[in-house]
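Structural overview
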Number of protein chains: 4
Amino acid sequence: MREIKVAMIGEGFMGRTHSNAWSQVSKFFKPPARPVMHTSCGRRAEDSKAFASHWGWGRTSTNWADVVKLPEIDLVDVVTPNNTHAEIAMAAIAAGKHVACEKPIAGTLAEARQMVEAARKAQVKTFVWYNYRRCPAIAFAHKLVKDGAVGTIRHVRGFYLQDWADESIPLIWRFQKEGSGSGSHGDLNAHIIDMTRFVTGEEITEVTGAIAETFIKQRKRMTGATAGGIAAGVQGGGETGPVTVDDTVLFLARFSGGAVASFEAARQATGNQNRNGFEINGSKGALKFDFERMNELQFYDATRPRAVQGWTTIMCTHGGDHPYAGNWWPDAHVLGYEHGFVNQAYDILLALAGEEPTVPIPDFEDAYKTQRVLEAALVAAAERRPVPLSEIE
Amino acid sequence: MREIKVAMIGEGFMGRTHSNAWSQVSKFFKPPARPVMHTSCGRRAEDSKAFASHWGWGRTSTNWADVVKLPEIDLVDVVTPNNTHAEIAMAAIAAGKHVACEKPIAGTLAEARQMVEAARKAQVKTFVWYNYRRCPAIAFAHKLVKDGAVGTIRHVRGFYLQDWADESIPLIWRFQKEGSGSGSHGDLNAHIIDMTRFVTGEEITEVTGAIAETFIKQRKRMTGATAGGIAAGVQGGGETGPVTVDDTVLFLARFSGGAVASFEAARQATGNQNRNGFEINGSKGALKFDFERMNELQFYDATRPRAVQGWTTIMCTHGGDHPYAGNWWPDAHVLGYEHGFVNQAYDILLALAGEEPTVPIPDFEDAYKTQRVLEAALVAAAERRPVPLSEIE
Amino acid sequence: MREIKVAMIGEGFMGRTHSNAWSQVSKFFKPPARPVMHTSCGRRAEDSKAFASHWGWGRTSTNWADVVKLPEIDLVDVVTPNNTHAEIAMAAIAAGKHVACEKPIAGTLAEARQMVEAARKAQVKTFVWYNYRRCPAIAFAHKLVKDGAVGTIRHVRGFYLQDWADESIPLIWRFQKEGSGSGSHGDLNAHIIDMTRFVTGEEITEVTGAIAETFIKQRKRMTGATAGGIAAGVQGGGETGPVTVDDTVLFLARFSGGAVASFEAARQATGNQNRNGFEINGSKGALKFDFERMNELQFYDATRPRAVQGWTTIMCTHGGDHPYAGNWWPDAHVLGYEHGFVNQAYDILLALAGEEPTVPIPDFEDAYKTQRVLEAALVAAAERRPVPLSEIE
Amino acid sequence: MREIKVAMIGEGFMGRTHSNAWSQVSKFFKPPARPVMHTSCGRRAEDSKAFASHWGWGRTSTNWADVVKLPEIDLVDVVTPNNTHAEIAMAAIAAGKHVACEKPIAGTLAEARQMVEAARKAQVKTFVWYNYRRCPAIAFAHKLVKDGAVGTIRHVRGFYLQDWADESIPLIWRFQKEGSGSGSHGDLNAHIIDMTRFVTGEEITEVTGAIAETFIKQRKRMTGATAGGIAAGVQGGGETGPVTVDDTVLFLARFSGGAVASFEAARQATGNQNRNGFEINGSKGALKFDFERMNELQFYDATRPRAVQGWTTIMCTHGGDHPYAGNWWPDAHVLGYEHGFVNQAYDILLALAGEEPTVPIPDFEDAYKTQRVLEAALVAAAERRPVPLSEIE
């Protein structure tokens, strides 16, 4: 069987989920090409060796520029910070490699555009890890809409609400523009823009109004140099420094099919640990999804007799009927967060083998459209005016 | 015991709920003044007599202008179409009567201002029937916020989503500006603006962006002159006419305490029959409410040990602990829509007797603030720009 | 229009709900006969006058034996303690009156049997207030089953769980056999036996096993003679006395159509304030109901395509489609506890006028069947053996 | 680091989940001993090689009797059909190996007793894979009860309801006594007996009544010899054969601390795909769990002020606070079915290294207690009488 030799650049939190995906995919799926975890790439040799050994990568390197040129590599998987995506991806493309890149596609819109252009010219295949498309319930929502189950869409609501960022959290990289590009917007709104575009099959044509707000403007600086992430117990020192990204971004928008929409990303929405979802109301039916109950899709079928209409909670775990479900466990033996990544690894392997993925995977061009909406919302918030998408190129 | 003689002007749908409230209040509460259903006023003598007899009004009239001047009347209850509120209310005020008026306070902002001014000069008591304040769960939410249970409020979401207005509904008065003033905005957003102002105890300071949309632009004209409401079986003829009000209005806003907010009213949000509610996230806790489960309040107490934090579903039916509950039935012997009106009748009687109502009742001045937000959102949608509330007087 | 003159015997908690039902029914329904609240009957003249005046009864009496013989009375409504039902009902029957009796039909099975016999001979109409049959969601469940929506029934679960009876509650009448007949069993299991018989359309043929348990065996005796009910603040003295009824009764049973069943009544099921409901699983579908969300019926339609199967939450408030709903408020303007009683008053008036009630009302014969199941469960618990219903006559 | 060399006997559905567990455990946990997937054992050499290669077992064999004696093996993991557990486990024990055995411990009570005795004499460590104990929400429930959060337990309800076994499913091994021992009872009740024993920390002292029923008494025989499981599309031939196991078993029971209990296992409980859970009501609080929402635990804290009491939905994914959660993903990045097995693999490694597992693991002696309850329920159903556990040895 054909092999796909993967080099993964980056070994942080997403390095962990991707490593798991590449190692699990052949156990639960029968992909047409076998992934080989060839090389992982980090910053410090010692850490990188430990990482590779732990997750089963064959080799390790601290020089990504060399790695992406290795003749035996078929696919470069980019899981580094956003502001390095473009450089690495374009080097890989230049070397003729296929590229799978974490979301959002790039740190800036200009970089994203360059990546799209480079990929187009090089005729390589590109993929962006908007993993939630491959959550079975969301993939099934996409199929229902495509099959006409909700009719003409009139309302879209996207929301990704978290609550981890209270005053106790120090000034980690996620609160600093240089490290993260933006705050909740790039981290969370990116997902729900992609998700609603995917499920509706429509594009956003205008951002009509937007609010960006930073509630906690100063945070304690980190002592100790590195400490990553949201981890409990992370301690800040006495001194404070300014938060330079948004805590929340809300915006109103219009979709190409005539729907009106609202979006909201938040990190201090107390009580919402990971409420990542959408609501869609159409002329024939409606859908609701919340990742905190990721195995369930809520469907309202307005074509049923009125007496028995209501929201139906569909447990999207039935093999044969629900995407990916047949490769995992029996009915209602539920799936978790990591499975979306394994499902995506499978679909990337299908695509590389020239087959159709289970549901469409965003390539750089598609992810660039999401990036344009992110940009339009930032402009709308900053300039306090409606921003047509045609203005953002 | 002192009596409060009520004259009710208007005998439509709201005439029904108010009549029920006035007739039930003394059965379940011990108000300090006994309400007397003195006179009801309609357009056609025959209908009015039938109405009065059915609901227990002592007399009937087709001349509201005379009725509001009757010396024996203490309180005029106005339940006519919005565009007639001002004329009737001001006549009643001129006659020295206290006035209870259905929401929204008036058809136009100018009228509302005049009503506020007239009431202030005449020193009469005024009340607006934003009945949802008196739903026990909402009144309890107000108390929790006042007691500091959610801390500093950062996020507010108001939504009132219905789905009755599909293509099959003909061109009833609700779709025509002259009859209704506005569409979903005045009908539904009015409620959630009042409700979030009430629960948060804060004012909206800016409408940052807004969308108003009419999805179904033409509807079949009614044959038969009168037919009211949403009633199933209402039939339109072959000819169509233009819908002159909004189907949906969404807007983003800021609250005086620093919170960001979104609001949405809709009539074609398929699957949502009467989803009238809010979400509030603060630094110490959070609240969620949906009228479709009106007896329940969702409370997240972020001051509890992290291990047992979660959304708590409070059944707001416990006498002694939950407002109004002790006057009705035992725990979890749940209440319905009409009870909010009975509770309000009780609170009006308390206020007229000089006592404190269970929770604050909006007077004309308070309802005028809600009206200003409605107006600001319309301006923001029409002129496609942020509108500070200070601009709307 | 024909009048039905009602005499109500008993003025306690149920006197209140029935009074409300008789006074509201003509406001929301158009019954074929007009109910007249003729006489209410209590123990003490002064209390009785206050009660009658409060609720709108025309006259009052402390002598029920005389009242039930008054020529002008058409219907005697019995809401006294269970152990007095038989005497009053049979006196009314002897006087040729129709009788509506609170549940359970009688204090003992022998009394119930006599009542059935008396009613049969006298050819009067009898009704038992199993009010939950007239909760719209339950009435709709009955119709769905009758129409074949769940197919052959295999599993029935009935539960009525409350949690008011912790150690703080003193030795009120509900804990004493002479006052109440039994504990949770007659109070709560009676409802769910009737409800599951009604919804399934089947009879229970055997109680296979049962447990009756009293967790709190001694309670503080009441000081003050009277104090009724569960009321918070009721204080017991220092001395204790024995609880002589069950706190909980569970039993397993078989239905005539082959289903297996479980039932449970409880008063210390912490967290369940009024969880009165059932689950039914059949070959084609399933139903779930919980009174704490009384407007909702859960329906699983196993004949739908597998991909979209799931539990559908039906809001049973749609006029035309859901029983009783059209007489109340618009969609999802929800109903509460008391409405079941008003709906029953309407159905009794229909029946007295010779028309079909909305859904079947239990007469004495039907309620006697429920009583036999209650008895069989007590025997099964006491004798620790299966008890076929054929044994209980 | 010390290694634990595992030999797994059996390569069916559970072989898959265990293989996944052994391969994932070192990636997400830091066990004190490293598991080595040494040998897997199946019936046919070719299948076994494919299985081992797929899941990463080092060697393969078709002779389990030899494998369990290999000097280098530390732990024998038994995942064969129930009626072979005893023979294999006892051979492994005789060879001085530690044994981890799938549930239920054995095909018969006599076998289970022998296994307990053998393990005791040999002083090896034994484990039974009641994997749900290691679902974080259930492990957390155990801790809450242990810490006194529910007080004295009065009510226990265990239920494991599935709905896969309609008429379309042919006569697979699960419907035949020789293959499966029992039907839903051993398959499903076994889990909820263990789960409620684990969470309450109490023992069942009596089965008071029981019903066992087979609804579908004849099923189509399989054509093709093998075809496994529940798989959709499995086709039976024209001929039918008798089902020799139960479809459902319900029983009532008493716990050692005074609680009354009900249990139910079902395979035709339409609408319940995998509703595996419990409810526990105590004097201070209550708990509810349903595996279909396995990340959530419902907790009612009756010691909170009455006004804010309610069911709290705890998302059991918080590292540090909820068992196992810190080894997986961030808050509300939810877990699935397979993670319970990985968690158990970790705890087995802890135990083998002489450390305390996260929560207690059932050994053979403990699992034998669950087996005795299963047996008591079968006797109670067959002999139609209460069965004290003291009778079952």
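- In the nomenclature of an unreviewed UniProt entry, chain A corresponds to Glucose--fructose oxidoreductase from the organism Aquisphaera giovannonii.

1. With respect to the interface of chain D and chain C
- The interface is formed by 29 residues belonging to chain D together with 29 residues belonging to chain C.
- Mapped onto the side of chain D that touches chain C, the elements with two or more residues apiece are β7 (153–161), β8 (204–213), β11 (248–255), β12 (260–266), β13 (275–282) and β14 (285–290) of chain D.
- For the side of chain D that touches chain C, the element with the most residues is β8 of chain D, which contributes five residues.
- Among the residues making up the side of chain D that touches chain C, the classes are represented as 13 nonpolar, 11 polar and five charged.

2. Quick look at the pairing of strand β2 (residues 34–41) of chain B
Residues and elements named next belong to chain B.
- Along β2, six of the eight residues are buried, which leaves the element largely enclosed by surrounding structure.
- Here strand β1 (residues 3–9) runs beside β2; their pairing, made up of seven bridges, is parallel. Considered in β2, the bridge of Met8 is made with Ser40.
- Taken together, β1, helix α1 (residues 13–28) and β2 constitute a β-α-β crossover, and its handedness is right-handed.

3. Notes on the relation of the copies chain A and chain B
- Expressed as a screw operation, the relation of chain A to chain B combines 0.0 Å of axial shift with a rotation of 180 degrees, fitting to an RMSD of 0.0 Å. The operation mapping one copy onto its partner corresponds to a two-fold rotation axis. Residue Gly209 of chain A, judged by its C-alpha, is the member of chain A lying nearest the rotation axis, at 2.2 Å.
- Most of the interface of chain A is mirrored in chain B, where 100% of its interface residues again form contacts.

4. A closer look at the packing of helix α8 (residues 184–200) of chain A against helix α10 (residues 364–383) of chain A
Residues and elements named next belong to chain A.
- Their axes nearest at 9 Å, the elements α8 and α10 cross at an angle of 125 degrees. Classified by the angle their axes make, α8 and α10 are oblique. With respect to the hand of their crossing, α8 and α10 are arranged in right-handed fashion. Between α8 and α10, the contacting residues are His185, Gly186, Asn189, Ala190, Ile193, Asp194 and Arg197 on the first element and Lys369, Thr370, Val373, Leu374, Ala377 and Leu378 on the second.
- Counted by class, the contact of α8 with α10 contains six nonpolar, four polar and three charged residues.

5. Section: the interface of chain A and chain B
- With 29 residues of chain A at the contact, the number on the chain B side is 29 residues.
- Mapped by element, the contributors of at least two residues to the side of chain A that touches chain B are β7 (153–161), β8 (204–213), β11 (248–255), β12 (260–266), β13 (275–282) and β14 (285–290) of chain A.
- Per-element tally for the side of chain A that touches chain B: the top contributor is β8 of chain A, with five residues.
- Partitioned by chemical class, the residues of the side of chain A that touches chain B number 13 nonpolar, 11 polar and five charged.

6. Concerning the domain arrangement of chain A
Residue and element names in this part refer to chain A.
- Taken domain by domain, chain A holds domain 1 (3–132) and domain 2 (136–293 + 295–333 + 363–383).
- On a C-alpha basis, the centroid separation for the pair domain 1 and domain 2 is 24 Å.
- Mapped onto the side of domain 1 that touches domain 2, the elements with two or more residues apiece are α1 (13–28), α5 (109–122) and β6 (126–129).
- The biggest single contributor to the side of domain 1 that touches domain 2 is α5, with six residues.
- Classifying every residue of the side of domain 1 that touches domain 2 by side-chain character gives 16 nonpolar, five polar and two charged.

7. Quick look at the sheet that holds strand β5 (residues 98–101) of chain D
Residue and element names in this part refer to chain D.
- Spatially, six strands are ordered β3-β2-β1-β4-β5-β6 in an open sheet, and the strand pairing comes out parallel. This sheet does not close on itself; its edge strands, each paired only once, are β3 (59–61) and β6 (126–128). Within the sheet, the average angular offset between the axes of one strand and its neighbour, ignoring direction, is 25 degrees.
- Pairing of strand β1 (residues 3–9) with strand β4 (residues 75–78), which is carried by four bridges, proceeds in the parallel orientation. Paired with Met8 across the two strands is Asp77, which belongs to β4.

8. A closer look at α1 of chain B
Residue and element names in this part refer to chain B.
- With 16 residues, α1 extends 23 Å from end C-alpha to end C-alpha; this agrees with the ideal 22 Å at 1.5 Å per step.
- In the structure, α1 departs most strongly from a straight axis at Trp22, where the bend amounts to approximately 25 degrees.
- Restricting attention to buried positions, one finds in α1 the residues Met14, Gly15, Thr17, His18, Ser19, Asn20, Ala21, Trp22, Ser23, Gln24 and Val25.

9. A short note on the sheet that holds strand β3 (residues 59–61) of chain A
Residues and elements named next belong to chain A.
- Read from one edge of the open sheet, six strands run β3-β2-β1-β4-β5-β6, paired in parallel fashion. Strand pairing shows two members of the sheet lacking a second neighbour, β3 and β6, which therefore form its edges. Going across the sheet, the axis of each strand differs from the next one's by a mean of 25 degrees, ignoring polarity.
- The strands touched by helix α2 (residues 45–55) within the sheet are β2 (34–41) and β3, with β3 carrying the most contacts at an inclination of about 155 degrees.

10. Examining the relation of the copies chain D and chain C
- Rotating chain D by 180 degrees and translating it 0.0 Å along the rotation axis places it on chain C, where the RMSD comes to 0.0 Å.
- Comparing interface residues between copies, 100% of those in chain D also sit at the interface in chain C, which points to an isologous, same-surface contact.

11. Looking at the confidence of the model for chain A
Residues and elements named next belong to chain A.
- Chain-level statistics for chain A give a pLDDT mean of 95 and a share of 96% at 70 or above.
- Across residues 225–234, confidence stays below pLDDT 50; counting only partners more than four residues off in sequence or on other chains, it has 12 contacts.
- Reported for the predicted complex are a pTM of 0.96 and an ipTM of 0.95.

12. Points about the environment of Trp164 of chain C
Residue and element names in this part refer to chain C.
- Structurally, Trp164 can be placed in the loop between β7 (153–161) and α7 (177–180).
- Since 17 C-beta atoms lie within 10 Å of it, Trp164 is described here as partly exposed.
- In the structure, Trp164 is positioned 125 residues away from Phe289 in sequence and 21 Å away in space, judged by C-alpha atoms.

13. Side note on the pairing of strand β14 (residues 285–290) of chain C
Residues and elements named next belong to chain C.
- Burial runs high along β14: six of the six residues are buried.
- Every second residue of β14 is oriented toward a common face, with Gly285, Leu287 and Phe289 on one face and Ala286, Lys288 and Asp290 on the other, all of them buried.
- Direction of pairing for strand β13 (residues 275–282) relative to β14: antiparallel, over a ladder of five bridges. Counterpart to Ile280 in the pairing with β14 is Leu287.
- Two successive antiparallel strands, β13 and β14, enclose a turn made up of two residues.
- As paired elements, β14 and strand β15 (residues 296–301) share four bridges and run antiparallel to each other. Residue pairing for β15: Lys288 is matched across the bridge by Gln298.

Parameters and conventions
- Residues numbered from 1 in each chain as written.
- Chains lettered and ligands numbered in written order.
- Predicted model: local features only at pLDDT ≥ 70, side-chain atom pairs only at ≥ 80, totals over all residues.
- Contact = placed C-beta atoms within 7 Å.
- Helix = DSSP H or I, 4+ residues; strand = E, 2+ residues; numbered from the N terminus.
- Nonpolar A, V, L, I, M, F, W, Y, C, P; charged D, E, K, R; others polar.
- Buried ≥ 20, exposed ≤ 12 C-beta atoms within 10 Å, placed from the backbone.
- Pairing = 2+ DSSP bridges.
- Right-handed = clockwise from strand over helix to strand, strands pointing away.
- Least-squares fit on C-alpha atoms with pLDDT ≥ 70 in both.
- Axes fitted to C-alpha atoms, helices over the stretch in contact; angles between N-to-C directions.
- Parallel < 35°, antiparallel > 145°, perpendicular 65-115°, else oblique.
- Left-handed = near helix turned anticlockwise from the far one by under 90°.
- Domains from an automatic or database assignment.
- Expected span 1.5 Å × (residues − 1).
- Bend = angle between axes of the 7 residues up to and from the residue.
- pLDDT = per-residue confidence, 0-100.

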